[in-house]
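Residue-level structure breakdown
Given next are the chains, with one letter for each unit.
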Amino acid sequence: MTGVGWLNLYLQVSAVQDSPKLLLPQYPQEQFIQIAQLLDLCILHITSLDFQYRILAAAALYHFTSMEVVAKATGLNWENISQCVCWMSPFARVVQSNPPVKLKAFKKVSVEDRHNIQTHLNYLDLLENVMVKAEVVVLEEPAQLAVAGILTPPQKYREDSDFI
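Residues numbered from 1 in each chain as written. Predicted model: local features only at pLDDT ≥ 70, side-chain atom pairs only at ≥ 80, totals over all residues. Heavy atoms only, no water.

**Structural notes on the nonpolar core**
Definition in use: By nonpolar core is meant a set of buried Ala, Val, Leu, Ile, Met, Phe, Trp, Tyr and Cys residues that side-chain atoms within 4.5 Å join together. Burial classes: relative accessible area under 20% of the type maximum marks a residue as buried, over 50% as exposed, and values in between as partly exposed (1.4 Å probe, protein chains only). A helix here means a DSSP run of H or I that spans at least four residues, while a strand means a run of E at least two residues long, and both kinds are numbered starting from the N terminus. Should any heavy atoms of two residues lie within 4.5 Å, those residues are counted as being in contact.
Ranked by size, the top nonpolar core spans 35 residues in total, and within it Leu7, Leu38, Leu41, Cys84, Trp87, Met88 and Phe91 carry the most contacts. Among the secondary structure elements, those contributing two or more residues to this core are α1 (3-15), α2 (29-42), α3 (53-64), α4 (67-74), α5 (78-97) and α6 (123-140). Top contributing element to this core by residue count: α5, with nine residues. Discounting chain neighbours no more than four positions away, the residues touching Cys84 are Phe51, Ile55, Leu56 and Ala59.

Next comes the structure, spelled out in structure tokens:
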């Protein structure tokens, strides 16, 4: 199942009411499109392969809702998604800085299926913006962290054996 498939499931579960109509989307279609754009942008980066699709979808949902919604819809907790949420933050900032895409109406497409119409963005330009935002975040991080009085490199360098 793809990240967008997980997202569809999570949004549907989060929107279930007392008398659910599970076959029809119960969630805002515009929200689905915006979160799906975040997922589409993230999977262009090689690091996305470090995460399962369900975790990517849950992290993307977190960026547009809350941890309460994520926990209800996915059964995951903060510890399960925190690493992915942090990695995804520059991507989310870029997607959220763009105006939301408006749904288009087509004669042969039902209202319930309008969110399934593919939207087109220049994802390569967005990815370049992500890299710029990520560089700014890296520049803002302290060069060294003190742990119990010992100077150590930032966590991302400790995990990569090339820097040890």
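**What about the side chain of His63?**
Within the secondary structure, His63 is located in helix α3. Residues in contact with His63, not counting those within four places in the same chain, are Leu38, Val85, Met88, Ser89, Ala92 and Gln96.

**Focus: the side chain of Ser89**
Rules: Whenever two N or O atoms come within 3.5 Å, that pair is a polar contact, provided that in protein one can donate a hydrogen and the other can accept it, and provided that, for residues adjacent in sequence, both atoms are side-chain atoms.
With respect to the helices, strands and loops of the structure, Ser89 is situated in helix α5. Reaching out from Ser89, the side chain makes a polar contact with the backbone oxygen of Val85 at a distance of 3.0 Å.

**Section: the packing of α2 against α5**
How we decide: Angular values range over 0 to 180 degrees, each being the angle between N-to-C directions of two axes fitted as lines to C-alpha atoms, with helices fitted over their stretch in contact. For this classification, under 35 degrees means roughly parallel, over 145 means roughly antiparallel, 65 to 115 means roughly perpendicular, and everything else is oblique. For any pair of crossing helices, the crossing counts as left-handed if the nearer helix is rotated counterclockwise from the farther one by less than a right angle, and right-handed if it is rotated clockwise. Here the term charged refers only to Asp, Glu, Lys and Arg, the term nonpolar to Ala, Val, Leu, Ile, Met, Phe, Trp, Tyr, Cys and Pro, and the term polar to all other amino acids, Gly among them.
Two elements in contact, α2 and α5, have axes whose closest approach is 10 Å; the angle formed by their N-to-C orientations is 130°. In terms of orientation, α2 lies oblique with respect to α5. Note that α2 runs across α5; the crossing there is right-handed. Along its contact with α2, which presents Gln34, Gln37, Leu38, Leu41 and Cys42, the element α5 presents Trp87, Met88, Phe91, Ala92, Val94, Val95 and Gln96. Looking at side-chain class alone, the contact of α2 with α5 contains nine nonpolar, three polar and no charged residues.

**Details of a nonpolar patch on the surface**
Applied cut-off: Within this analysis, patches are made of residues with over 30% relative accessible area and no salt bridge. Like charges are joined at 9 Å or less; nonpolar side chains (Val, Leu, Ile, Met, Phe, Trp, Tyr) at 5 Å or less. Using the Shrake-Rupley algorithm and a 1.4 Å probe, accessible areas are obtained, with residue cover drawn only from the displayed protein chains. Just to be clear on terms, a salt bridge is a Lys or Arg side-chain nitrogen sitting within 4 Å of an Asp or Glu carboxyl oxygen.
A surface patch of nonpolar side chains, about 270 Å² in accessible area, is lined by Met1, Leu9 and Val13. Overall, the relative accessible area of 31% leaves Val13 in the partly exposed class.

**Concerning α4**
Note the following rule: Comment: arc refers to directions from the helix axis out to C-beta atoms.
Restricting attention to buried positions, one finds in α4 the residues Val70, Ala73 and Thr74. Seen along its axis, α4 keeps its buried residues to an arc of 80°; they face one direction. When the buried face of α4 is taken as reference, the exposed residues oriented beyond 90 degrees from it are Glu68 and Lys72. Looking at the buried residues of α4, the elements they touch are α1, α3 and α5. One or two residues past the end of α4 sits Gly75, with phi positive at roughly 80°.

**Some words on the packing of α3 against α4**
It is the contact of α3 with α4, at a shortest axis distance of 8 Å, that shows an interaxial angle of 145°. In the packing of α3 onto α4, the handedness of the crossing is right-handed. In this structure, α3 contributes Ala58, Leu61 and Tyr62 to the contact, and α4 contributes Met67, Val69, Val70, Ala73 and Thr74. Tallied by class, the residues present in the contact of α3 with α4 amount to seven nonpolar, one polar and no charged.

**Observations concerning the packing of aromatic side chains**
Operational definition: Any Phe, Tyr or Trp ring, taking Trp's six-membered ring, that has another such ring centre within 6.5 Å forms a pair; planes under 30 degrees apart are called stacked, those over 60 apart edge-to-face, and the others tilted.
Tallying each qualifying case throughout the model produces four aromatic pairs. For the ring pair Phe51 and Trp87, a centre distance of 5.5 Å and an interplane angle of 40° mean the geometry is tilted. Within this pair, whereas Phe51 is found in the loop between α2 and α3, its partner Trp87 is found in helix α5, the two being separated by 36 residues in sequence. Of the residues examined, Phe51 reaches a relative accessible area of 15% and is grouped as buried. A ring pair is formed by Trp87 and Phe91, whose centres lie 4.7 Å apart and whose planes are at 45°; its orientation type is tilted. Within this pair, Trp87 and its partner Phe91 are both found in helix α5, separated by four residues, close to a single helical turn. Accessibility classification places Trp87 together with Phe91 in one group, the buried group.

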